[in-house]
Amino acid sequence: MNVETTFKVQELQARYIQALDGDKLEDWPNFFTEACRYLVTTADNLAQGMPLGMIYATSRAMLRDRVRSLREANVYEAQRYRHMIGPPVLEEGEGGVVRARTNFMVVRTMHTGETLLFATGVYDDRIVLEGSEAPCFKEKIVVLDSRQIDTLLAIPL
Amino acid sequence: MTAAAARRWPAEGVARVPYWVYSDRDLFEEEQERIFRGATWNFLCLGAELPKPNSYRTSAVGAMPVVVTRDAEGKLHAFENRCAHRGSLLCINERGEARDIVCVYHNWSYDLAGNLTGVAFRKGMAGKGGMPPDARPDENPPRKLRVETIGGLIFGTLSDKTPPLEEYLGPEIAKGIRRVMRAPVRVLGGYSQMLPSNWKLYMENVKDSYHASLLHTFFTTFRLNRLSQKGGLVISETGGNHISYSLAADTGGKEYEQAGMRAAQEGFGLEAPQMLHHVDEYGDGIGLQILSVSPTFVLQQTRNSLAVRRLVTHGIERTELVWTIFGFADDDEAMTERRLQQANLIGPAGYISMEDGAAPGFVQRGVNTAADVLSVVEMGGRGIKSEDTRVTEASVRGFWTFYRAQMGL
C-alpha cells in the first residue's frame, strides 16, 4: 500500500471522528457513499455468524433519518464523545476500494461531567478512493468488543 | 424483623407507590429470596439458544447465576451456577457444548442435570490425602430449578410452590406468547444494556402503556401515526403479567410509503420509510405487542422486529437488560433483512426504545432522597382490569399487586 493511500485513509478517519466528536452530526452521512452499509454490532454477534446490529443503515438517506431523529425526536441527556483511533491496517480491494481495519476507543462525557470509557472495538471499513466524493465509506462495520452498552447509544460511533 | 415487615404500604393500595421500594437495600436482598427464588417463573433463554444436545448456556434468576442445559436426550435442565465444593462458578463461558460440566477450580464434575458425578482425587493419591470415607461432598449442591417451556421460551423456578407455568401466565398471556412464537426460532443476535436504575423501574416502564407516545416521539415527530391506532391492554388475574397491543396504522401497502415520502418532502417524515415496512406475518393486523411476565420477562413484537428481554439484578441501582433478537427458521432473505432493519427501532440505539434505557435512571436519581414520598398511579383509575385503551397505568398497578403479594407487603 502506498503512502498516499495510507494518508488519504487516515485523513478520512480523522475527519470522521472529528465530525462526530464535534457534534457535526449533519456532516456524518456525507462520509458515506449514497448506497452504503453502516452497522454497529458486537464481536460476539460476528463470531456467532449473527447479522444483528444496534444501528443498521443501507443508504445515506437512512443515516440522515437517524440524525434527524436524534435532533428532533429522541430524548437523551447532553453528552459528547472523544474518539481515539489507531493507525489503519490496509488491504487492497477491487475497483479502487480499500479495506481498512482501525482500532478505536470512545470516551463519553455527560453534561454532569461523568466521564466513562464507553466503547472499544474495530472499524472494519470499505473505503472508496476514486470518484468525485472520494474518499468515503462504502461500508463501515463498527465491531464493539463488549456486547454491553451503558444506558443507551445515542450518538453514532 | 424483615425489611418488608418494617415497611408499610400506603393505605391507598396500588394507586400509590412509595419511593423506598427503589432504594431500600434490605428490601433488595429480600426480593432475591421472595421474588426471584420464590414462587415465580423466570425466563432463562430461548430453546434456540441451546440448539443441540449436550449444550449449555448461562443465564440468571435475579442476581443468581444459573446454567441452562440440554442433555444428550434433548431434555432441558437448569441449576445454580455454583459448585457444591467451594462455591465457584461452574461455567465461566456464556455458552458451549459439553457432555458434563466440570468446575474449573478443582475439577469436580456434574452431569447436565446438575448432579455431582465426580470429585477429583477423592481417594487421594498413593494412599495419601483425599476425603474421609464418610464425607458427603454433595451436602450443598447447586440448587436445581424446575423447568417448563412455552412456545420455545425456557422458564425456570426455584420454588416448589410455583403453580404450573400455564396457570401462572393466565390463558390470555399464554395465548399472546403462542401468537408471537409461531414457528421454530432463528436467533439473529443480541446485546445488553446496563441501566443505572432499580429493576422494578424498568419493569414499570415496560408495563406503562401511558408513557409510550409521550416519551417516545419518533413516530409522532415523523408523522407516522396517521390513524388513531386502536389497541388495548390485557392484564392477568394476578396482575403480574400483561399485554399491551395496538393495530398497525397501515396495512403495509404502498399507500403508507407514499404518505411517508410525501411527509418527507414537506420536511416531516422519514427519507427512507421503507425501514418500517410492516408485513402482517400474524394475519391479525397487530403491529405492536408488548408482553411481560413478572418478575422480569418481556416478549416484544414491534412490527416485524421480535425480541425477548430479561433483567439481571446486579445491584439496587444496577440492572442489566439482556436482549435476544430473533426471527424464524423459515424466514426468507427479505424477511430477515426487514427484521434487521426494524431492529433500528429497539435496543440501546433504538428509535423508540433508547429513552427506556435512561428514563428509569431519571426516576432513580429523582427519588433516591425521597424515600417516604409517594407516587400517584391513578391514570385509568385505581384497579387492574383489562382495558381497551392504553392511556392507563392499570398494568403498572398490576405489577405492584403481584409484588405486594410476593413480598407480603
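Quick caveat: nothing in here was measured; it's all calculated off a predicted structure.

## Here's the deal with the overall build of chain A
Helix and strand counts for chain A come out as 3 helices and 8 strands. In chain A, the succession of helices and strands from N to C terminus is α-β-α-β-α-β-β-β-β-β-β. Its C-alpha atoms give chain A principal-axis dimensions of about 45 × 30 × 30 Å. In chain A, buried positions account for 53% of the 157 residues. Considering only contacts within chain A whose residues lie at least 6 apart along the sequence, 60% involve residues at least 24 apart. For chain A, the accessible area works out to roughly 7,000 Å², and carbon and sulfur atoms hold 50% of it. If the 18 positive side-chain charges of chain A are averaged to one point and the 22 negative ones to another, these points end up 2 Å apart.

## Some details on the confidence of the model for chain B
For chain B, the average pLDDT comes to 93, and 94% of its residues sit at 70 or higher. Scoring the predicted complex yields pTM 0.95 and, for the interface, ipTM 0.97.

## Topic: the nonpolar core
Within the largest apolar cluster, 144 residues are counted, with the highest numbers of intra-cluster contacts made by Y38 of chain A together with F218 of chain B. In this structure, this core is formed jointly by two domains, domain 1 (48–147) and domain 2 (183–407) of chain B, each of which donates at least three residues. Not counting residues within four places of it along the chain, the set of residues in contact with Y38 of chain A comprises Y16, W28, F32, I55, Y56, A57, L63, K140, V142, P156 and L157 of chain A. In terms of nonpolar packing, the next biggest core, distinct from the first, is built from 14 residues, Y56, A98, W108 and Y110 of chain B among them.

## Overview of the pairing of strand β16 (residues 297–302) of chain B
Residues and elements named next belong to chain B. Within β16, 6 of the 6 residues are buried, which leaves the element mostly enclosed by the surrounding structure. Neither face of β16 is left uncovered, since the one carrying F297, L299 and Q301 and the one carrying V298, Q300 and T302 both have all their residues buried. Direction of pairing for strand β15 (residues 286–293) relative to β16: antiparallel, over a ladder of 6 bridges. Each bridged residue has a counterpart across the sheet, and for Q289 the counterpart in β16 is Q301. Across 6 bridges, β16 lies against strand β17 (residues 305–315) in antiparallel orientation. Across the sheet, residue V298 finds its bridge partner in β17, namely R309. If you look at the hairpin formed by β16 and β17, you'll find 2 residues sitting between the two strands, and R303 has a positive phi there, around 55°.

## Digging into the interface of chain A and chain B
Taken together, the 34 residues of chain A in the interface contact 42 residues of chain B. Taken over both partners, the interface formed by chain A and chain B buries close to 3,500 Å², and the fraction arising from carbon and sulfur atoms is 51%. One can count 5 salt bridges joining chain A with chain B. Across the salt bridge formed by E77 of chain A and R365 of chain B, the nearest N and O atoms sit 2.7 Å from each other. Looking at the side of chain A that touches chain B, the elements that each hand over two or more residues are α2 (43–47), β2 (55–59), α3 (60–72) and β8 (148–150) of chain A. It is α3 of chain A that provides the largest number of residues to the side of chain A that touches chain B, a total of 9 residues. The pairing of β8 of chain A with strand β12 (residues 185–195) of chain B spans 3 bridges and is parallel. Residue pairing in the sheet places I149 of chain A in a bridge with Q193 of chain B of β12 of chain B.

## Let's talk about the environment of A14 of chain A
Residue and element names in this part refer to chain A. With respect to the helices, strands and loops of the structure, A14 is situated in helix α1 (residues 3–21). Residue A14 is classed as partly exposed on the basis of its relative accessible area, which comes to 32%. Separated by 94 residues in sequence, A14 and R108 place their C-alpha atoms 18 Å apart.

## Thoughts on a nonpolar patch on the surface
Residues and elements named next belong to chain B. A grouping of L89, I92, V104 and Y105 is seen on the molecular surface, where their side chains present a nonpolar patch of about 420 Å² in accessible area. Take L89: it is sitting in the loop between β5 (76–80) and β6 (95–97). By relative accessible area, which is 38% here, L89 ends up partly exposed.

## Quick notes on the side chain of N54 of chain B
Note that N54 of chain B resides in the loop between β2 (42–46) and β3 (55–61). Using a relative accessible area of 13% as the deciding quantity, one classes N54 of chain B as buried.

## Overview of the sheet that holds strand β11 (residues 153–157) of chain B
Residue and element names in this part refer to chain B. Taking strand neighbours across the sheet as the criterion, the 7 strands line up as β2-β11-β10-β5-β4-β3-β6 in an open arrangement whose pairing is antiparallel. On the outer flanks of this sheet lie β2 and β6, each paired with one strand and no other. Sheet twist, expressed as the average angle between the axes of neighbouring strands with direction ignored, equals 30°. Judged from the 5 bridges that link them, strand β4 (residues 64–70) and β5 form a sheet pairing that is antiparallel.

## Some remarks on the side chain of T217 of chain B
Tracing the backbone through its elements, the reader meets T217 of chain B in the loop between α6 (212–215) and α7 (218–221). At 2.6 Å, the side chain of T217 of chain B and the backbone oxygen of A73 of chain A are in polar contact. The contact partners of T217 of chain B, leaving out residues within four places of it in the chain, are E72 and A73 of chain A.

## Considering the sheet that holds strand β14 (residues 241–247) of chain B
What the 8 strands build is an open sheet, ordered β8(A)-β12(B)-β18(B)-β17(B)-β16(B)-β15(B)-β14(B)-β13(B); its pairing is mixed. Each edge of the open sheet is held by one strand with a lone partner, namely β8 of chain A together with β13 (231–235) of chain B. Taken over all neighbouring pairs, the strand axes of this sheet differ in orientation by 15° on average, direction set aside.

## Focus: helix α9 (residues 333–342) of chain B
Among all positions of α9 of chain B, only M335, T336, R339, L340, Q341 and Q342 of chain B are buried. Elements that come into contact with the buried residues of α9 of chain B comprise β2 and α3 of chain A together with β12, β16, β17 and β18 (318–328) of chain B.

## Remarks on the environment of P273 of chain B
As for its position among the elements, P273 of chain B is in the loop between α8 (254–265) and β15. Exposure remark for P273 of chain B: the relative accessible area of 1% places this residue in the buried category.

## Re the pattern of salt bridges
Residues and elements named next belong to chain A. Evaluated as defined, the whole model comprises 37 salt bridges over all chains. Residue D124 pairs with R101 through a salt bridge whose shortest N-O separation is 3.5 Å. One end of the pair, D124, is in strand β6 (residues 115–128); the other, R101, is in strand β5 (residues 97–110), and 23 residues separate them in sequence. A residue is classified by how much of its surface remains accessible, and D124, at 10% relative accessible area, is buried. Here R101 falls in the partly exposed class, since its relative accessible area comes to 37%. Across the pair D124 and R126 runs a salt bridge whose closest N-O atoms are separated by 3.5 Å.

Quick notes on the rules
Residues numbered from 1 in each chain as written. Chains lettered and ligands numbered in written order. Predicted model: local features only at pLDDT ≥ 70, side-chain atom pairs only at ≥ 80, totals over all residues. Heavy atoms only, no water. Helix = DSSP H or I, 4+ residues; strand = E, 2+ residues; numbered from the N terminus. Buried < 20%, exposed > 50% of the residue type's maximum accessible area, 1.4 Å probe, protein only. Contact = heavy atoms within 4.5 Å. Areas by Shrake-Rupley, 256 points an atom, 1.4 Å probe, with all protein chains shown as cover. Lys, Arg positive; Asp, Glu negative; His and termini not counted. Charge placed at Lys NZ, Arg CZ, Asp CG, Glu CD. pLDDT = per-residue confidence, 0-100. Core = buried A, V, L, I, M, F, W, Y, C linked by side-chain atoms within 4.5 Å. Domains from an automatic or database assignment. Pairing = 2+ DSSP bridges. Buried area = accessible area lost by both parts, 1.4 Å probe. Salt bridge = Lys/Arg side-chain N within 4 Å of Asp/Glu carboxyl O. Patch = residues over 30% accessible without salt bridge, like charges linked within 9 Å, V, L, I, M, F, W, Y side chains within 5 Å. Axes fitted to C-alpha atoms, helices over the stretch in contact; angles between N-to-C directions. Polar contact = N/O pair within 3.5 Å; in protein donor to acceptor, adjacent residues only side chain to side chain.

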